[in-house]
Amino acid sequence: MMTRRLFGQRARLSAADLVVWIVPLVAVLLALAVGALLLLALGANPIEAYSVMLDGAFGDQAALFRTLTRATPLLLIAIGICIAFRGGVINIGAEGQLFVGAVSATAFSLAAGPTIPAPWIAILTLLVGFLGGAAWGAIPGILKARFDVNEILTTVMMNQIAIQLLLFLLSGPMIDPEQIRQGTRISQSAQLPESSWLPRLAPPSQLHLGLFIGLAAAIVIYVLLWRTTLGYRIRAVGLSKDAARYAGISVPRYLTLALILSGGLAGLAGSVEVTGVTHRMVEGFAVGYGFSGIVVALFGRLHPLGAIPSAFLFGALLVGAEKMQRTIQVPSATVIALQGLVVIFVVSSELLVRRWTARRQARALPSAPVLPGVPASASHQEVSA
Amino acid sequence: MTGSSMTLDQILVEALALMFLYSTPYLFAALGEVFAQRSGVLNLGVEGIMLMGAFSGIYVISSKGLGQEPMVGLLVAMLVGGLMGLAMAVVSVTFKAEQGISGIGFTLFGLGLSSLLFKSLAGGVITAQGEGFQAVTIPILSDLPVIGKIFFQQNVLVYVAFALVPISVWILNRTTWGLQIRAVGQNPAAADAMGVNVDRVRYSTVILGGVLAGIAGASLSIAVTPIFQENMTAGRGFIAVALVYFGGWSPWRVMAGALLFAIANNLQIWAQILDVQIVGQSIPPNLLIMAPYILTIAVLVFARQRKRLEPAALTKPFMRGEN
Amino acid sequence: MSRKFLALILILLLSLCVAGLSSAQDGPVRVAIILPSSTTDLSWSQALYDAAVAVQTEMGGEEAVEIAVSENTWDVTAAADAMRGYAEEGYNIVIAHGTQYGSSLFELASEFPDTSFAWGTSSDAGMDAGLTNVFAYDVRAQQGGYINGCMAGLLTESGVIGVVGPVPAGDAILYNNGFEQGVNACNPAAEVLVAYTGSFGDTALAAETANTQIAAGADVLTGSAQQVPGAIDAIEAAGGYWFSTDVDQAPNWPETVVASMAYDFSGVIEDIIAKRASGVNGGTAYELNLEDGVTMVYNEALEGVPAEVWEAGRQAEADIRSGVVYPLAVLPEEPFRIAIVMPSATTDLAWSQAGYDALVEIQQQLGGEDAVEIAYTEGMFDVTAAAEALRGYAEDGYDLVIAHGTQYGTSLFELAPDYPETAFAWGTATDTGVDQGLTNIYAYEAGAEQGGYVNGVMAAMLSEAGTIGIVGPVPAGDALLYINGFQQGVLATNPDANILLAYTGSFGDTALAAETANTQISAGADVLTGSAQQVPGAIDAVQAVGGYWFGTQSDQSGNWPETVVASQVYNWTPVVGSMIENVLKGTLGGEAFNLTLNNGGLEIVYGGVEVPQEIIDAANAAIAGIQSGEIVVQQELPEA
């Protein structure tokens with residue numbers, strides 16, 4: 001398995017490893033070069049813009065912490081996406097699973113906050129967030145396993161359902177009583193009791209314990225996927241449903257499980273964000289994280305440990321680009337276009353990496369599979385040539 | 001609030017007429033996606049292409065922009081969509097990039113670029129009231145009771161969209177190109193062995209998908225809603241992709257899905273404006289807004305699934321000698 | 001030693017001040033703005049951005065004010081980062097233009113005490129949290145909504161009006177609530193179709209929603225958020241009309257937009273800059289309303305809109321400004337149940353009717369019987385029976401129970417604690433029982449002496465004989481205030497006037513009131529006034545001799561248009577509206593309301609008598625004088 005090669009026991013850095021990391025970086029630079037043309041067209045100085053961006057993401061300790069804070073939920077989502085894609089389900093629904101997780105965590109914390117003492121309430125709140133996301137992920141999982149309903153369709157649809165559900169809860173049953181009293185009626189929940197907040201690591205920055213939860217989750221899921229029978233079965237189903245079935249693995253069960261775990265991690269991301277950063281659910285919470293999380297996972301080569309640098313990079317991109325908007329005053333759309341370019345260029349550069357490694361493998365191990373990329377979706381038969 | 005005095009059948013006539021109008025963008029985009037997917041390419045960039053098509057189309061026709069004929073706007077939108085499709089093809093076919101992620105890249109790029117162009121070229125909201133494609137009333141037929149309103153007083157592009165459905169079926173099932181598309185989507189290695197240029201076929205379908213997504217966007221901005229505002233597609237591209245799965249890659253059933261989604265959405269708007277109540281309580285609007293999405297999933301659960309048309313090589317880049 | 005220390009501190013402080021002042025004068029004021037949507041959204045975000053640019057232009061361009069913008073900051077975490085970034089980069093004023101940004105803003109404000117933070121919509125300037133560098137701004141969007149709604153109600157030909165909302169929250173819902181009230185108030189027959197898109201920026205869905213409403217017969221539409229261009233386009237295509245909010249949208253759709261409620265945040269921004277210049281970094285909660293910051297823009301170039309529609313719009317605007325009309329921020333989701341217990345009949349042309357009419361009016365404004373349910377018990381001169389009625393209504397679960405008589409107070413204070421979930425109100429009174437620990441009682445009173453004074457001025461000028469009669473019930477309550485004010489008005493205008501004052505000792509003895517009036521007429525009075533439900537007898541008597549009457553409490557000109565010159569009308573509608581609004585927000589009491597000429601609770605309403613212009617001028621001068629405080633009307637008559 002290529003990934004084991006990358007992240008496994010071997011500590012020696014080989015040329016292949018270097019290529020795997022250098023090529024995407026070069027691709028990022030190329031994307032930024034194209035973006036420079038955009039910036040020039042807008043009358044901005046690209047060099048200034050990019051140095052501001054770099055400064056915003058890594059310039060000082062505060063910037064670095066900001067990047068890490070933004071990377072935290074992306075990392076958790078991405079780890080979940082790894083499980084789903086490895087298990088052969090294309091989970092586009094992280095956005096909705098995150099919302100449902102965050103909103104269940106909020107409801108639990110608000111309801112149980114006064115009765116459960118300090119460390120336990122925070123832990124249980126995170127757990128409830130995980131369960132909420134898992135439940136939302138279970139629906140497309142069961143629909144796929146039992147009724148063979150395509151998960152891209154269900155997860156896209158369920159994102160919309162989750163957004164409306166969130167809006168409904170935040171403007172109705174869960175609205176902050178203060179919002180009613182003041183008559184402002186903004187869609188937001190009451191503030192969570194302080195006992196369920198995650199500790200801040202370096203105040204005044206917002207960096208919180210969630211970062212370590214994310215790192216721990218990456219290791220746990222890595223071990224789960226590559227060191228346990230359960231993980232082996234999930235991946236087996238992802239690689240080939242038919243082969244898995246021959247091996248006596250219950251394909252529906254592991255499809256569902258992959259989506260449940262994937263949703264659970266997105267839900268955990270939501271509850272970590274709400275207990276660590278915002279301390280209440282509010283309309284405008286974690287917008288677009290679900291999609292960014294997918295990109296992060298794919299950048300990290302669908303490996304939980306690969307997701308760590310990938311989430312960091314993406315968090316930096318987001319934070320740096322926002323600083324660029326603030327300082328250079330380019331429209332926010334520039335930033336979005338730039339992100340698109342980075343994604344397109346990096347994903348295109350994969351071919352070079354793949355060719356390189358394939359050539360090496362061809363020398364060493366002729367029949368080894370190519371880089372994982374996205375494994376065959378479980379609904380698609382393997383094509384044998 | 002009191003209930004409207006309209007009768008149920010009047011409401012249904014209106015809703016059905018609006019259903020055809022509002023399903024049009026979905027239909028264009030989803031048909032394009034059918035071609036791409038039948039050849040084995042998942043294009044998640046439809047949303048971004050639609051946005052570019054929507055902007056370029058209206059900018060060309062609006063008197064606030066270039067002030068050209070609607071047809072010119074449509075052609076430019078097709079061109080822009082086609083170029084985006086070409087770029088997507090380069091990335092996903094030539095560079096063999098992972099298709100889901102590159103699609104998301106194109107969605108982001110299209111969203112950003114269309115907003116940027118909108119801001120720098122137009123500076124603010126563009127309207128093209130009366131400048132875009134108009135509804136046509138078909139003589140005699142449009143005067144028929146009920147069906148006249150539903151079928152024969154629609155926008156030109158509505159007829160085009162629905163005419164494309166049988167045409168797509170014919171292309172896919174009755175032409176050599178269609179045969180090649182299906183072969184490439186099912187078993188690219190075998191197709192390759194039989195002398196089909198896999199990459200060229202996939203280029204053609206992805207570009208066609210881009211052109212149709214461009215039209216889908218333009219149908220929004222120069223026919224259905226003659227206006228442009230940042231991110232005006234608001235997720236319709238993703239719904240279009242979902243509808244391809246709903247329809248099991250069959251243009252007819254994709255059409256059924258687009259119609260179902262459009263009618264469900266329109267009926268939830270009716271339920272809101274007529275203040276439909278359950279046990280004396282108004283239904284919270286957000287719960288009604290969810291309904292079309294839930295319904296689409298539910299129909300798929302209860303309808304018999306047919307995966308006969310599923311392209312086996314979907315999402316898989318073709319590399320000669322490696323698959 | 002300590003003196004030296006003090007001196008050192010003083011020098012330090014001084015130099016700090018100088019440094020502060022010079023740095024304030026050096027370079028431009030740096031303003032950073034965080035917007036949830038785009039600067040060109042034709043809506044909420046654009047309204048603030050345009051205001052900032054206007055302030056910049058006015059103050060001398062980029063050298064005076066530097067503006068930085070982060071737009072489309074939907075994500076609250078990104079917004080928090082942006083706020084921090086701006087604060088760190090030394091921006092002087094950071095404006096977070098969305099309520100959702102509040103939590104992060106408060107966190108940051110304590111960390112950057114030299115930076116001013118502003119946010120809205122909110123009324124919380126962080127004073128409770130001990131912050132001194134936070135400004136808040138709130139928007140009474142329901143006011144413009146009401147005006148638009150009133151005009152829309154009169155403009156619609158089909159009788160169907162559509163509202164395209166984003167999500168039912170925030171200032172959108174304030175606007176929509178106001179709009180519905182305006183339609184109800186000006187055209188109760190019109191039907192309002194409300195639909196939400198569940199999104200802020202889905203232009204196409206807004207268009208579809210609008211088209212669906214048009215298909216359902218709507219010819220006039222309104223809506224909010226940056227999605228509306230789609231809806232405006234749709235209604236334009238259908239040849240209908242549109243009412244806008246947030247910014248003036250007429251320039252883009254001159255053929256369709258009738259009127260816009262436009263926010264003007266420039267006053268807020270200017271004031272923040274000025275406050276900072278004087279060393280104040282925060283602590284003010286602004287409210288944008290029609291008086292300040294909310295502008296109605298009427299697109300009068302628009303053809304085909306009847307004159308009466310423009311007139312009604314301007315009238316509604318004037319009425320809201322003066323307080324005569326009070327659009328509520330909140331609408332009841334299920335029928336709001338009000339009960340009133342009153343001493344006399346709902347048609348007494350006096351105290352009871354004024355109270356009852358207010359309930360009917362607010363019922364219409366809020367949407368009829370589906371919105372407000374009214375129960376009343378009239379003729380409750382017996383205090384014990386009244387107490388029973390009050391208790392009964394509380395038992396039945398009414399939301400608001402009004403004891404419409406000073407005499408009911410004692411019983412009310414006894415029974416209110418038994419029904420902590422029920423809101424009570426009583427008047428005329430100023431005591432809400434807070435001292436006794438009661439939290440569910442509102443009190444209300446009328447500054448009847450004010451209108452009494454105005455009536456008195458007119459009466460003195462109108463009386464040829466110089467003799468004026470007053471038919472009072474008992475010398476107490478609002479009747480006494482009225483009579484005292486009336487006398488002051490008369491004597492201020494004609495110190496030689498002869499005032500004949502008599503009390504009947506009763507409220508409802510019409511015959512006795514007639515007899516009293518006739519007696520005064522025989523004594524030479526040609527202009528009379530009086531109070532309580534007994535007055536019809538007196539007015540009849542005045543009419544018989546061709547004299548003039550001034551009324552109070554209700555408009556009494558209906559039956560005697562040639563006799564009643566003017567009436568001081570109690571307009572309880574805004575008070576009842578405020579109470580309903582508070583109850584819906586969960587506050588059941590503790591506030592005392594007072595009707596005055598200033599707050600629109602008191603109005604002078606003329607009858608059918610042709611009054612010479614100079615008298616009307618004098619009355620208006622008296623009103624203006626009272627409003628400005630130039631004329632002080634005493635509640636007690638000065639000892640002669």
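Heads up: the structure comes first, above all this text.
1. Observations concerning the interface of chain A and chain C
- Each partner contributes to the interface: chain A provides 40 residues, whereas chain C provides 42 residues.
- Where chain A packs against chain C, one counts four salt bridges.
- The residue A:Arg200 makes a salt bridge to C:Glu107 at a minimum N-O spacing of 2.9 Å.
- Between the two partners, chain A and chain C, sit ten residue pairs in polar contact (both at pLDDT 80 or more).
- At the level of elements, helix H4 (61–86), helix H7 (151–171), helix H8 (177–182), helix H12 (251–278) and helix H14 (307–328) of chain A are the ones that each hand at least two residues to the side of chain A that touches chain C.

2. Looking at helix H10 (residues 307–322) of chain C
All names here are of chain C.
- The end-to-end C-alpha separation of H10 is 22 Å, in line with the 22 Å expected for 16 residues at 1.5 Å each.
- Of the positions making up H10, those classed as buried are Val309, Trp310, Ala312, Gly313, Ala316, Glu317, Asp319 and Ile320.
- Immediately downstream of H10, the backbone of Gly323 shows phi near 95°, a positive value.

3. Brief notes about the environment of A:Pro173
All names here are of chain A.
- By the secondary structure assignment, Pro173 is in the loop between H7 and H8.
- Judged by its relative accessible area of 59%, Pro173 falls in the exposed class.
- On a C-alpha basis, the gap between Pro173 and Ser189 in space is 9.2 Å, while along the polypeptide they are 16 residues apart.

4. Let's talk about the sheet that holds strand E9 (residues 241–246) of chain C
Residues and elements named next belong to chain C.
- The strand order across the open sheet built from six strands is E7-E6-E8-E9-E10-E12, with neighbouring strands paired in mixed fashion. Edge strands, defined here as strands with exactly one partner in the open sheet, are strand E7 (191–196) and strand E12 (294–298). Each strand axis lies, on average, 15° off the axis of its neighbour in the sheet, ignoring direction.
- Pairing analysis gives five bridges linking strand E10 (residues 257–263) to E12, with the strands arranged antiparallel. Residue Met261 lies in a different strand from E12, and its bridge partner there is Met296.
- Across the sheet, helix H8 (residues 228–237) touches strand E6 (160–165), strand E8 (220–223), E9 and E10, and the angle it forms with E9 is around 160°.

5. Some details on the sheet that holds strand E16 (residues 423–427) of chain C
Residue and element names in this part refer to chain C.
- Taken in spatial order, the six strands make up an open sheet running E14-E13-E15-E16-E17-E23, and their pairing is parallel. Edge positions in the open sheet fall to strand E14 (372–377) and strand E23 (592–595), since each of these has one partner strand only. With direction set aside, neighbouring strand axes in the sheet form an average angle of 20°.
- With six bridges joining them, strand E13 (residues 336–341) and E14 adopt parallel strand pairing. Bridge pairing links Ala339 to Ala375 in E14.
- Contacting E13, E14, strand E15 (400–403), E16 and strand E17 (441–446), helix H11 (residues 351–366) runs over the sheet at an angle of about 165° to E14.

6. Structural notes on helix H7 (residues 203–215) of chain C
Residues and elements named next belong to chain C.
- The end-to-end C-alpha distance of H7 is 18 Å, a good match for the 18 Å that 13 residues give at a rise of 1.5 Å each.
- Most of H7 is tucked away: 13 of the 13 residues are buried.
- One or two steps after H7, the chain reaches Gly217, where phi turns positive at roughly 105°.

7. Quick look at the interface of chain A and chain B
- With 50 residues of chain A at the contact, the number on the chain B side is 52 residues.
- The junction of chain A with chain B conceals about 4600 Å² of combined surface from both sides, 79% of it contributed by carbon and sulfur atoms.
- Remark: the boundary between chain A and chain B carries zero salt bridges.
- Inspection of the region where chain A meets chain B yields one residue pair in polar contact (both at pLDDT 80 or more).

8. Here's the deal with the nonpolar core
- Counting 313 residues, the largest nonpolar core has A:Met324, B:Trp270, C:Tyr137, C:Met151, C:Phe243, C:Tyr263 and C:Phe265 as its most contacted members.
- When residues in this core are grouped by element, the largest group, 17 residues, is from helix H1 (residues 8–38) of chain B.
- Shared between two domains, this core takes at least three residues from each, and those domains are domain 1 (19–139 + 266–288) and domain 2 (141–262 + 299–322) of chain C.
- Every residue in contact with C:Met151, bar those within four places of it in the chain, is listed here: C:Phe243, C:Val258, C:Ala259, C:Tyr298, C:Val309, C:Trp310 and C:Gly313.
- With 66 residues, the next largest nonpolar core counts C:Val457, C:Val490, C:Leu588 and C:Leu597 among its residues.

9. Overview of the state of the cysteines
All names here are of chain C.
- Counted under the stated rule, the structure contains one disulfide over all chains.
- Residue pairing for Cys150: its cysteine sulfur links by disulfide to Cys186, the two sulfurs lying 2.0 Å apart. Judged by the sign of its S-S torsion, about -90°, the cystine formed by Cys150 and Cys186 is left-handed. Of this pair, Cys150 sits in helix H5 (residues 141–155) while Cys186 sits in helix H6 (residues 170–186), placing them 36 residues apart in sequence.
- Residue Cys150 is classed as buried on the basis of its relative accessible area, which comes to 2%.

10. Brief notes about unusual backbone geometry
- Backbone torsion omega between C:Gly120 and C:Thr121 reads 5°, so that peptide bond is classified as cis.
- Take C:Thr121: it is sitting in the loop between strand E4 (116–120) and strand E5 (134–139).
- Even without being a glycine, A:Asp148 presents a positive backbone phi close to 60°.
- We classify A:Asp148 as partly exposed; its relative accessible area is 27%.
- In this structure, C:Asn72 is a non-glycine residue whose phi angle is positive, near 50°.
- By secondary structure assignment, the location of C:Asn72 is in the loop between strand E2 (65–70) and helix H3 (76–88).

11. A closer look at the packing of aromatic side chains
- Tallied over the entire structure, the rule returns 32 aromatic pairs over all chains.
- Geometrically, the ring pair formed by C:Tyr263 and C:Phe265 is edge-to-face, given 5.7 Å between the ring centres and 65° between the ring planes.
- The exposure class assigned to C:Phe265 is buried, which follows from its relative accessible area of 1%.
- Grouping aromatic residues by their ring pairs yields a cluster made of B:Phe20, B:Phe151, B:Phe152 and B:Phe162.
- Geometry around A:Phe147 places A:Arg146 over its ring, the cationic atom sitting 5.7 Å from the centre.

12. Here we look at the pattern of salt bridges
- Applying the stated criterion across every chain yields a total of 21 salt bridges over all chains.
- Between A:Arg70 and A:Glu322 there is a salt bridge; the shortest N-O distance is 2.9 Å. Pair noted here: A:Arg70 is in helix H4 and A:Glu322 is in helix H14, with a separation of 252 residues, a long-range link. Like A:Glu322, A:Arg70 is buried.
- The salt bridge partner of A:Glu151 is A:Lys144, with a shortest N-O separation of 2.9 Å.
- With relative accessibility at 1%, the residue A:Glu151 sits in the buried group.
- A:Lys144 gets classed as buried once you look at its relative accessible area, which sits at 3%.
- What emerges from the salt-bridge pattern is a single network uniting A:Asp55, A:Lys323 and C:Glu89.

13. Overview of the pairing of E7(C)
Residue and element names in this part refer to chain C.
- Most of E7 is tucked away: six of the six residues are buried.
- Residues Glu191, Leu193 and Ala195 point to one face of E7 and Val192, Val194 and Tyr196 to the other, with burial holding for every one of them.
- For E6 and E7, the ladder comprises six bridges, and the chain directions are parallel. Along E7, the bridge assignment pairs Gly165 with Tyr196.
- With H6 bridging E6 and its parallel neighbour E7, the resulting β-α-β unit is right-handed.

Conventions and cut-offs
Residues numbered from 1 in each chain as written. Chains lettered and ligands numbered in written order. Predicted model: local features only at pLDDT ≥ 70, side-chain atom pairs only at ≥ 80, totals over all residues. Heavy atoms only, no water. Contact = heavy atoms within 4.5 Å. Salt bridge = Lys/Arg side-chain N within 4 Å of Asp/Glu carboxyl O. Polar contact = N/O pair within 3.5 Å; in protein donor to acceptor, adjacent residues only side chain to side chain. Helix = DSSP H or I, 4+ residues; strand = E, 2+ residues; numbered from the N terminus. Expected span 1.5 Å × (residues − 1). Buried < 20%, exposed > 50% of the residue type's maximum accessible area, 1.4 Å probe, protein only. Pairing = 2+ DSSP bridges. Axes fitted to C-alpha atoms, helices over the stretch in contact; angles between N-to-C directions. Buried area = accessible area lost by both parts, 1.4 Å probe. Core = buried A, V, L, I, M, F, W, Y, C linked by side-chain atoms within 4.5 Å. Domains from an automatic or database assignment. Disulfide = S-S within 2.5 Å. Phe/Tyr/Trp six-rings, centres within 6.5 Å; stacked < 30°, edge-to-face > 60°. Lys NZ or Arg CZ within 6 Å of the ring centre and 35° of its normal. Right-handed = clockwise from strand over helix to strand, strands pointing away.

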